[in-house]
Amino acid sequence: VQLQASGGGLVQPGGSLRLSCTVSGIISGIYTAGWYRQAPGKERELVAGITSGGSINYSDSAKGRFTISRDNAKNTVFLQMNVLKPEDTAVYYCYIHYLAFEYWGQGTQVTVSS
């Protein structure tokens, strides 16, 4: 199983980015997926998750600004991030979880700065 994250970059405060995580090696739609992030000097934290049934949860910091979604036809998970703040600066990691297995992508850097 492989996860390929993309879409990070440098954006000004108030801007938007859309992260993508393309999954291969596992049947689409059967796993829970989501995004974590890790800022320098901080622990990795959950940003958003989506189950195979479509249930979604967000961290308090993501609620109202971020939207997680999945396209099972493309075996891809997205994180739309709006109204970005400097404190959103971090490396964002996608993950999937199925039964006893967990897989992680390589991370994509998001930097919010003017």
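Refer to the structure above for everything that follows.
Just so you know, these numbers come straight off a predicted model, no measurement behind them.

*Asks:* Help me understand unusual backbone geometry, please; the structure alone is not making it clear to me.
*Replies:* In terms of backbone geometry, most residues other than glycine have negative phi values and most peptide bonds are trans. Positive phi, close to 55°, is recorded for Asn75, a residue that is not glycine. As for its position among the elements, Asn75 is in the loop between β7 (66–71) and β8 (76–81). Located in the positive-phi region is Leu99, a residue other than glycine, with phi close to 55°. Residue class for Leu99 comes out exposed when judged on its relative accessible area of 61%.

*Asks:* Can you help me understand a nonpolar patch on the surface in this one?
*Replies:* Taken together, Ile27, Ile30, Tyr98, Leu99 and Phe101 make up a surface patch of nonpolar side chains, about 500 Å² in accessible area. Relative to the assigned elements, Phe101 resides in strand β10 (residues 101–104). Given the relative accessible area of 47%, Phe101 is considered partly exposed.

What counts, and at which threshold
Residues numbered from 1 in each chain as written. Predicted model: local features only at pLDDT ≥ 70, side-chain atom pairs only at ≥ 80, totals over all residues. Heavy atoms only, no water. Helix = DSSP H or I, 4+ residues; strand = E, 2+ residues; numbered from the N terminus. Buried < 20%, exposed > 50% of the residue type's maximum accessible area, 1.4 Å probe, protein only. Patch = residues over 30% accessible without salt bridge, like charges linked within 9 Å, V, L, I, M, F, W, Y side chains within 5 Å. Areas by Shrake-Rupley, 256 points an atom, 1.4 Å probe, with all protein chains shown as cover. Salt bridge = Lys/Arg side-chain N within 4 Å of Asp/Glu carboxyl O.

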